[in-house]
Amino acid sequence: MFSKACEYGIRASIFIAANSSKGIRVGIKDVAKEIDSPEPFTAKIMQILTKNGIIHSAKGVGGGFEVSNEAVKSIKLIQIVDAIDGNKIYTGCGIGLKECSAVHPCPVHNEFTKIRGLLLEMLTKTTLEQLASDVKSGDFFLKTLNTND
């Protein structure tokens, strides 16, 4: 549903927020490793998130990425999605047609409109703080378990 960049951006934001709540800034290598993303791709995503005010980047010794306590409470998941993917996910056609509307619907238009509405509601209501808290509690995870260990 989301682009790969957006998936990584969401996971990176959650990881950074969870660490920021403990007063820890994380570097690009740590972020890339935690979200299972190539480092150069992760760096591009971090640039987008920083430019859009979702995360903060501090340079130099002790630098890294962080999210302020105030910001983590107010940042909604929709801000991350909009920053990386734009609004296509809740405005575009479910099967990718250029023109799709109630007047000229695609075969999945009516059902997809309902799903899109639920997705938009979830993205609008869910804060970065909620997601980071879920990960910190150990109830939810940012990557799959390695079953080869």
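The preceding data block contains the structure.
So, here is what we can say about the structure in this document. (Residues numbered from 1 in each chain as written. Predicted model: local features only at pLDDT ≥ 70, side-chain atom pairs only at ≥ 80, totals over all residues. Heavy atoms only, no water.)

Considering the overall build of the chain
Piece 1. Summing up its helical and strand segments, the chain has seven helices and two strands in all.
Piece 2. Seen in sequence order, the chain has helices and strands lined up from the N terminus as α-α-α-β-β-α-α-α-α.
Piece 3. Its C-alpha atoms give the chain principal-axis dimensions of about 60 × 40 × 30 Å.
Piece 4. Counting all 149 residues of the chain, 36% fall into the buried class.
Piece 5. Residue pairs in contact within the chain that sit at least 24 positions apart in sequence constitute 66% of those at least 6 positions apart. (Helix = DSSP H or I, 4+ residues; strand = E, 2+ residues; numbered from the N terminus. Buried < 20%, exposed > 50% of the residue type's maximum accessible area, 1.4 Å probe, protein only. Contact = heavy atoms within 4.5 Å.)

Overview of the nonpolar core
Taken as a class, soluble globular proteins show a tendency for nonpolar side chains to be buried jointly.
Piece 1. In terms of nonpolar packing, the biggest core is built from 36 residues, with V31, M46 and V67 touching the most fellow members.
Piece 2. Within the residue set of this core, elements represented by two or more residues are α1 (4-20), α2 (28-35), α3 (39-51), α4 (69-74), α5 (77-85), α6 (109-125) and α7 (128-136).
Piece 3. Here this core gets 10 residues from one element, more than from any other, and that element is α1.
Piece 4. In contact with M46, other than residues within four places in its own chain, are A12, I16, I28, V31, I55 and F65. (Core = buried A, V, L, I, M, F, W, Y, C linked by side-chain atoms within 4.5 Å.)

Some points on a nonpolar patch on the surface
Piece 1. A surface patch of nonpolar side chains, amounting to about 240 Å² of accessible area, comprises I95, L97 and V108.
Piece 2. Structurally, V108 can be placed in the loop between α5 and α6. (Patch = residues over 30% accessible without salt bridge, like charges linked within 9 Å, V, L, I, M, F, W, Y side chains within 5 Å. Areas by Shrake-Rupley, 256 points an atom, 1.4 Å probe, with all protein chains shown as cover. Salt bridge = Lys/Arg side-chain N within 4 Å of Asp/Glu carboxyl O.)

Examining unusual backbone geometry
Piece 1. The phi dihedral of D36 falls on the positive side, at around 55 degrees, and the residue is not glycine.
Piece 2. By the secondary structure assignment, D36 is in the loop between α2 and α3.

Describing the state of the cysteines
Piece 1. According to the stated counting rule, one finds zero disulfides in the structure shown.
Piece 2. Free of any disulfide, C6 has its nearest cysteine sulfur in C93, 19 Å distant.
Piece 3. C106 supplies the cysteine sulfur nearest to C100, a cysteine that is in no disulfide, at a spacing of 3.7 Å. (Disulfide = S-S within 2.5 Å.)

So, α2
Piece 1. Of the positions making up α2, those classed as buried are V31, A32 and I35. When α2 is viewed along its axis, its buried side chains cluster within an angular range of 95 degrees and face the same direction. Counted as exposed and oriented over 90 degrees from the buried face of α2: K29 and K33. (Arc of directions from axis to C-beta.)

Observations concerning the packing of aromatic side chains
Piece 1. Tallied over the entire structure, the rule returns one aromatic pair.
Piece 2. Here the aromatic rings of Y8 and F41 are separated by 5.7 Å at their centres, their planes lie at 80 degrees, and the arrangement is edge-to-face. In this pair, Y8 is assigned in helix α1 and F41 in helix α3, connecting sequence segments 33 residues apart.
Piece 3. A relative accessible area of 9% places Y8 in the buried class. (Phe/Tyr/Trp six-rings, centres within 6.5 Å; stacked < 30°, edge-to-face > 60°.)

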